[in-house]
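# Structural overview for review
The lines below spell out each chain.
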Amino acid sequence: MELTVDRVSKLYKNKIAVDRVSLRLHEGVYGLLGENGAGKTSLIRMVCGVLKPSSGSISFDGLDVGDEEYRAALGYLPQDFGYYPEFSAQDFMYYMASLKGLTKPVARAKTRELLELVSLSDVAKKKIRTFSGGMKQRLGIAQTLLNDPKLLVLDEPTAGLDPKERIRFRNLIARLGQNRIVLLSTHIVSDVEHIAGTILLMKKGKMLHQGSLEDITQVIRGKVYQCLMENHEAQELTRLYPIINYRSQGEKVLLRFVCQGDPPAGAVKVTAGLEDLYLYYFSEAEGHE
Amino acid sequence: MNSNMKRLLKECFEAPEPEKKQEFIASLPSPDVSIMDFLLSQAAYIPKWIWSLSALIFVVALVGAGYLKKDMLWCVSACMPLLALAPVTESGRSQRWDMAELEMSSRFSLKSVLLARLGILGLADLLLFFLLLPLAWMNGGSSILETGVYMLCPYMLTVLLGLWASRIVHGRECAYLCGAIALGVALGNALLYQTIQGFYARHNFPYWVLAFALLSVGAVKQCIETIKQKEEPVWNLR
């Protein structure tokens, strides 16, 4: 099982949304991280055949992205999706099942099983327009699994879910990644940190890093410090170092920052995490590079 | 095996937990849906108002021509743009309700869905046209061929303008615009009949044929452009 993205680019008029991205993905969960406008959604849409790449090619086990068989192996949750106004949760699932080529008996059985999985069985016949954001998102996740996809692409799947639901879905996604390719795009760093075996970091259309958590945090390992100081001292430090986090604690300020050389007095070295790396790359901290 | 025996067996032996149940289910060949099954499944998702409107137009024509013995040509012809509204609005429905992305990534993609629904609606409209044709013809002075052309001209004009509008304008505005076009053509047709003497006169028929030919070519062209556009709708940079 292999998804190949070969030097894929996407241009919108004079803006490069995705710039020659190449990937080879196998079974497992891949977390795609990046700020707004980094090109994540464009890349994901191209992987799902919704957008045509300006150049490059995408294939799954030798099947081109435009093939019907490719789409038959795909489960996709877009960042924003709607529904026809007359649809109940069950109607929506049946409709998606018909588009995925499932027969009626299979569609009925799968719908029952998946609505149970996402805890929507008791509201199966209710109109989707009465659902909360979280319920709608759960329904969206359920429809991706109707055809038991080998390639599962989820764009912001945990957006709108409460912390308990998020953790439940995190575990579900991790389980699904055992025998298929799961490509997960999100802003929620902790989701990626917990479940993604490989992290893909995108910035300005380019793939900055790809690798395990240990691999990609290598860049700032041993360079992240934390210290509690007076407000005016903290202001001084923000001019000198890339700041990862700035938090008031009573009269003082707890500062987390990246320091390449000797740290200021009182600063303690801390373990670098994915959030540190994310903030380092995607906040004003990069200006100090 | 009788039910008593089954119950006793259940009581005596505890069935083991199934092993590799999912792998076994996945290994079973899943039955494939035929094109006909797909078409029929899509017919169920065409909004009910479209079928209701078609039925209403037929009933009005039937009552007017059959029971009241009136010349219904102008009325039926004025209703034709409303029939054309159905395929026109259907072409932009996915985008209006944000379903396009999900439909495009499915096995039967948006293009297939649209072709299926437009095909079904086209067939339904054709069937209704043949049902309405004798009703529009029976109390008037035109031949059956002339009646057919008079009926199809406003239909084709609405399809042409509506499909063009649905490629330019998207979302809810598109539905309103297509509705306005259909209503405009319907009212225009009725008004022209009332104000122009000899609107359906035989000596004007060649102009009607010419108009029908041009409108048909235009409508087919717009249909092709609409299907092509569904391969990749214009996305916003979000």
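Refer to the structure printed above.
Residues numbered from 1 in each chain as written. Chains lettered and ligands numbered in written order. Predicted model: local features only at pLDDT ≥ 70, side-chain atom pairs only at ≥ 80, totals over all residues. Heavy atoms only, no water.

### Structural notes on the overall build of chain A
Assigned secondary structure in chain A consists of 10 helices and 14 strands. Dimensions of chain A, computed from C-alpha atoms along their principal axes, come out at roughly 70 × 45 × 35 Å. If you take every contact in chain A between residues at least 6 apart in sequence, the share linking residues at least 24 apart comes to 67%. Here chain A has roughly 12,800 Å² of accessible surface; of this, 48% comes from carbon and sulfur atoms. (Helix = DSSP H or I, 4+ residues; strand = E, 2+ residues; numbered from the N terminus. Contact = heavy atoms within 4.5 Å. Areas by Shrake-Rupley, 256 points an atom, 1.4 Å probe, with all protein chains shown as cover.)

### Remarks on the sheet that holds strand E6 (residues 74-77) of chain A
All names here are of chain A. Here we have six strands laid out as an open sheet, ordered E6-E7-E8-E3-E9-E10, and mixed in their pairing. Since the sheet does not close on itself, it has two edges, and those belong to E6 and strand E10 (206-211), each with one partner. Between one strand axis and the next, the sheet turns by 15° as a mean value, whatever way the strands run. Relative to E10, strand E9 (residues 198-203) runs antiparallel, the two being bridged by five bridges. Residue Met 202 lies in a different strand from E10, and its bridge partner there is Met 207. In the packing of helix H5 (residues 133-144) onto the sheet, contacts are made with E6 and strand E7 (151-155), and the angle to E6 comes to roughly 170°. (Pairing = 2+ DSSP bridges. Axes fitted to C-alpha atoms, helices over the stretch in contact; angles between N-to-C directions.)

### Observations concerning the sheet that holds strand E4 (residues 55-60) of chain A
Backbone-to-backbone hydrogen bonds join strands into a sheet, with any given pair of strands oriented parallel or antiparallel. All names here are of chain A. If you trace the four strands from one edge of the open sheet to the other, you get E2-E1-E4-E5, paired in antiparallel fashion. Every other strand in the sheet has two partners, leaving strand E2 (15-25) and strand E5 (63-64) as the edge strands with one partner each. Pairing analysis gives two bridges linking E4 to E5, with the strands arranged antiparallel. Looking at the pairing, Phe 60 lines up with Leu 63 of E5. Seen against the sheet, helix H1 (residues 40-47) touches strand E1 (3-12), E2 and E4 and runs at an angle of roughly 125° to E1.

### Details of the interface of chain B and chain A
Every contact between the two is made by 30 residues of chain B and, on the other side, 35 residues of chain A. A buried area of about 3,100 Å², summed over both sides, lies between chain B and chain A, and 58% of it is on carbon and sulfur atoms. Area buried by chain B at its contact with chain A is led by B:Glu101, B:Leu102 and B:Arg107, which between them contribute 22% of it. Between A:Glu86 and B:Arg93 there is a salt bridge whose closest N-O contact spans 2.9 Å. Residue assignment for the side of chain B that touches chain A shows that the elements contributing at least two residues are helix H3 (35-43), helix H6 (93-96), helix H7 (100-104) and helix H8 (110-137) of chain B. The element that contributes the greatest number of residues to the side of chain B that touches chain A is H7(B), accounting for four residues. Residues of the side of chain B that touches chain A, tallied by class, amount to 13 nonpolar, seven polar and 10 charged. (Buried area = accessible area lost by both parts, 1.4 Å probe. Salt bridge = Lys/Arg side-chain N within 4 Å of Asp/Glu carboxyl O. Nonpolar A, V, L, I, M, F, W, Y, C, P; charged D, E, K, R; others polar.)

### Observations concerning the packing of helix H5 (residues 73-91) of chain B against helix H9 (residues 144-168) of chain B
Residues and elements named next belong to chain B. Between H5 and H9, whose axes approach to 8 Å, the crossing angle comes to 30°. Classified by the angle their axes make, H5 and H9 are roughly parallel. Both H5 and H9 take part in a crossing whose hand is right-handed. On the side of H5, the interface is formed by Leu 73, Val 76, Ser 77, Met 80, Pro 81, Leu 83, Ala 84, Pro 87, Val 88 and Ser 91, while H9 contributes Thr 147, Tyr 150, Met 151, Pro 154, Tyr 155, Thr 158, Val 159, Gly 162, Leu 163 and Ser 166. When the residues that make up the contact of H5 with H9 are grouped by side-chain class, the tally is 14 nonpolar, six polar and no charged. (Parallel < 35°, antiparallel > 145°, perpendicular 65-115°, else oblique. Left-handed = near helix turned anticlockwise from the far one by under 90°.)

### So, the pattern of salt bridges
Any two side chains of opposite charge can pair, given that their charged atoms come close. A complete count under the given rule lists 18 salt bridges over all chains for this structure. Two residues, B:Glu11 and B:Arg7, come together in a salt bridge whose shortest N-O distance is 3.0 Å. Note that B:Glu11 and B:Arg7 are positioned in helix H1 (residues 3-12) at a spacing of four residues, about one turn of the helix. Assessed through its relative accessible area of 43%, B:Arg7 is described here as partly exposed. A single salt-bridge network, built from bridges that share partners, covers A:Glu86, B:Glu90, B:Arg93 and B:Arg117. (Buried < 20%, exposed > 50% of the residue type's maximum accessible area, 1.4 Å probe, protein only.)

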